Amino acid sequence: MIEAVYNACVRCGLCLPTCPTYLETMTETSGPRGRISLIADVDQGRLELLSPGFVEQMSQCLDCRACEAACPSGVRYGSLLEEMRARIERAQAPNRSAGRRRVRELLLHRLFRSGRLMRAAAAVVRAGQRTGLHVAAARLLGLGDAAALAPEIPERAFVPNDQRYEVAGAAGTAFLHAGCVMSVAFAPVHEATIRMLNRARMNVVVPRDQGCCGAIAVHAGEPDFARELAKRNIVAFERSGADVYVVNAAGCGSALKETDRLFADDPEWSERAARFSARVRDAIEVLDAMDLDPRIGALDVEVTYQEPCHLVHAQRVSAAPRRLLAQIPGLRLIEMEERTICCGGAGIYNLTQPEMAKRLQRRKVEHIRATGAAIVVTANPGCAMQVASGLRSDGSRVEVKHLVELLDEAYARYGAAVNRA
Ligand code: SF4
Ligand code: SF4
């Protein structure tokens, strides 16, 4: 089935300069063209699925989709990678030790199935951050330097609980995807998103029966688990009666827009999944499409924009964030070098491939610092955590903000200025 996909590659090499791991290694097998050849070799039986070199390349790839966006032949590289990761997982799972199976069950299946468990885990991380014990605990669980990546967990989580935020003369209703990491580590971004959607004359609902987007399951080669998670969100959206499913985390948005692919062979769910996928939008797309309230305050600041891979490459949203930034009076956007090259965050990549993740993080931090900007704007929690931890360890005081937070701040400035007058 994937033969047609890899056969579409004409080996032109136009994707190579867009690939972060190729740029770092300058090695053919660590680039998209080489990986596609390896995938064809495995699919046609010339190379063992579990040969160490192949497994390493399927893990080292960030699934950033830069190659897919650059490819003139339309090779859907992401679907090749996902298929291969699923095959590897099916082959490896039976040989996993009981201990590793338990850790995977806890850290993948249980945690991402349950918002309550995710909040409990976040509370433990928060307690650890206060005492410093989180570093040792992460190492004990085999999570390496994960503690250094975690943002400071706020006291308050954003719990989806059937909240409604309504405005007079609303143009429509947005379903806000609360997500897992976003809801425990980035509650202020959700609050800013709700205020901004209201300013764009959208009602907002946050149904409690929603859940994780399933991206982590797809990346881990577990499509059945991804389908289980996706069904919850499809049903929650249908019940909500909302017009649009709004996501403020690019990685989640990309997975949710591709929900239809997960159900392509399922006659019972394929139509519902297709309808659902067609309604998913990043918050940036929604705000860009709406008439925003013109009463916006000025921010006298220089910023640079870190393009999340799953926004620019997977969703092809690149001009909208810049148009929104241009609406903030006083703000100056300074573009960084290699702005569309992955920062090395890529979901849990910084845990599974710590060495390459660090190399890409350093590369990104250098480009950010070279702009002299005071703020890095992004639109994805994975990028925010990876960039912030890189800047921290570099002793930099550059702040990291979600684009929606910055817009919200500009509006709050206007309100404050009016109140002072
Ligand atoms: S750009 Fe497309 S066709 Fe060319 S080598 Fe890369 S994947 Fe193959
Ligand atoms: S998805 Fe990203 S890391 Fe993987 S081959 Fe394509 S460009 Fe390279």
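Cut-offs applied
Residues numbered from 1 in each chain as written. Chains lettered and ligands numbered in written order. Predicted model: local features only at pLDDT ≥ 70, side-chain atom pairs only at ≥ 80, totals over all residues. Heavy atoms only, no water. Helix = DSSP H or I, 4+ residues; strand = E, 2+ residues; numbered from the N terminus. Buried < 20%, exposed > 50% of the residue type's maximum accessible area, 1.4 Å probe, protein only. Contact = heavy atoms within 4.5 Å. Areas by Shrake-Rupley, 256 points an atom, 1.4 Å probe, with all protein chains shown as cover. Lys, Arg positive; Asp, Glu negative; His and termini not counted. Charge placed at Lys NZ, Arg CZ, Asp CG, Glu CD. Domains from an automatic or database assignment. Salt bridge = Lys/Arg side-chain N within 4 Å of Asp/Glu carboxyl O. Polar contact = N/O pair within 3.5 Å; in protein donor to acceptor, adjacent residues only side chain to side chain. Near = heavy atom within 4 Å. Nonpolar A, V, L, I, M, F, W, Y, C, P; charged D, E, K, R; others polar. Axes fitted to C-alpha atoms, helices over the stretch in contact; angles between N-to-C directions. Parallel < 35°, antiparallel > 145°, perpendicular 65-115°, else oblique. Pairing = 2+ DSSP bridges.

> What am I meant to see in the overall build of the protein here?
Of the regular secondary structure elements, the protein holds 24 helices and 9 strands. In terms of its C-alpha atoms, the protein occupies a principal-axis envelope of roughly 75 × 50 × 50 Å. Relative to its full complement of 421 residues, the protein shows a buried share of 52%. Contacts spanning at least 24 positions in sequence make up 75% of the contacts within the protein whose residues lie at least 6 apart. Summing over all exposed atoms, the protein offers an accessible surface of approximately 18900 Å²; the carbon and sulfur share of this is 52%. Looking at the protein, you have 54 positive and 49 negative side-chain charges, and the mean spots of the two groups are 3 Å apart.

> Got a minute to help me understand the domain arrangement of the protein in this structure?
Interfaces are frequently sized by the accessible area removed from exposure as the parts join. Its domain assignment divides the protein into domain 1 (3-95), domain 2 (98-149), domain 3 (163-288) and domain 4 (294-420). Across the boundary between the two partners, domain 1 contributes 18 residues, which contact 16 residues of domain 4. Across the contact surface, domain 1 and domain 4 share 2 salt bridges. Glu 24 is the partner of Arg 359 in a salt bridge, and the nearest nitrogen-oxygen pair spans 2.9 Å. The tally of links between domain 1 and domain 4 comes to 4 residue pairs in polar contact (both at pLDDT 80 or more).

> I keep staring at the side chain of Gln 60 and nothing clicks. Help me out?
Mapped onto the elements of the fold, Gln 60 is located in helix H4 (residues 52-60). For Gln 60, a relative accessible area of 9% translates into the label buried. Of note is the side chain of Gln 60, whose polar atom sits 3.1 Å from the side chain of Ser 30. Not counting chain neighbours up to four residues away, the residues in contact with Gln 60 comprise Thr 21, Ser 30, Arg 35, Tyr 349, Gln 353 and Met 356.

> Would you take a moment to explain the site of ligand 2 for this structure?
With respect to spatial proximity, 13 residues lie near ligand 2, and among them Cys 19, Arg 35, Cys 61, Cys 64 and Cys 67 are the closest. Of all the elements in the fold, those that place two or more residues in the shell around ligand 2 are helix H2 (20-25), helix H3 (32-43) and helix H5 (66-70). Of the residues belonging to the shell around ligand 2, the class tally is 9 nonpolar, 1 polar and 3 charged.

> How do you make sense of the packing of helix H22 (residues 354-371) against helix H23 (residues 381-393) when you look at a structure like this?
Axes are the key here: two packed helices are described by the angle between their axes and the distance separating the axes. Interaxial distance between H22 and H23 falls to 9 Å at its minimum, and their mutual angle equals 75°. In terms of orientation, H22 lies roughly perpendicular with respect to H23. Contacts between H22 and H23 involve Ala 357, Gln 361, Lys 364, Val 365, Ile 368 and Arg 369 from the former and Gln 386, Val 387, Ser 389, Gly 390 and Leu 391 from the latter. Here the contact of H22 with H23 is built from residues that sort into 5 nonpolar, 4 polar and 2 charged.

> How should I be thinking about the environment of Thr 304 in this particular structure?
Note that Thr 304 resides in strand E6 (residues 302-305). A relative accessible area of 0% means that Thr 304 is categorised as buried. In this structure, the C-alpha to C-alpha distance between Thr 304 and Ala 242, residues 62 residues apart in sequence, is 34 Å. Leave out the neighbours within four places in its chain, and Thr 304 touches Leu 333, Ile 334, Glu 335, Met 336, Ile 368, Thr 371, Ala 373, Ile 375, Val 376 and Val 377.

> How should I be thinking about the sheet that holds strand E5 (residues 280-282) in this particular structure?
Remark on secondary structure: sheet strands pair via backbone hydrogen bonds, oriented parallel or antiparallel. Overall, mixed pairing links the 5 strands, which are arranged E1-E3-E2-E4-E5 in an open sheet. Of all strands in the sheet, those with a lone pairing partner are strand E1 (163-165) and E5, marking the two edges. Put simply, the sheet's adjacent strands are angled 30° from each other on average, direction ignored. Note that E1 and strand E3 (residues 202-206) share 3 bridges and pair antiparallel. Bridge assignment links Arg 164 to a residue of E3, and that residue is Val 205. The sheet contacts of helix H12 (residues 187-199) involve E1, strand E2 (172-176), E3 and strand E4 (244-247), and relative to E3 the element is tilted by about 150°.

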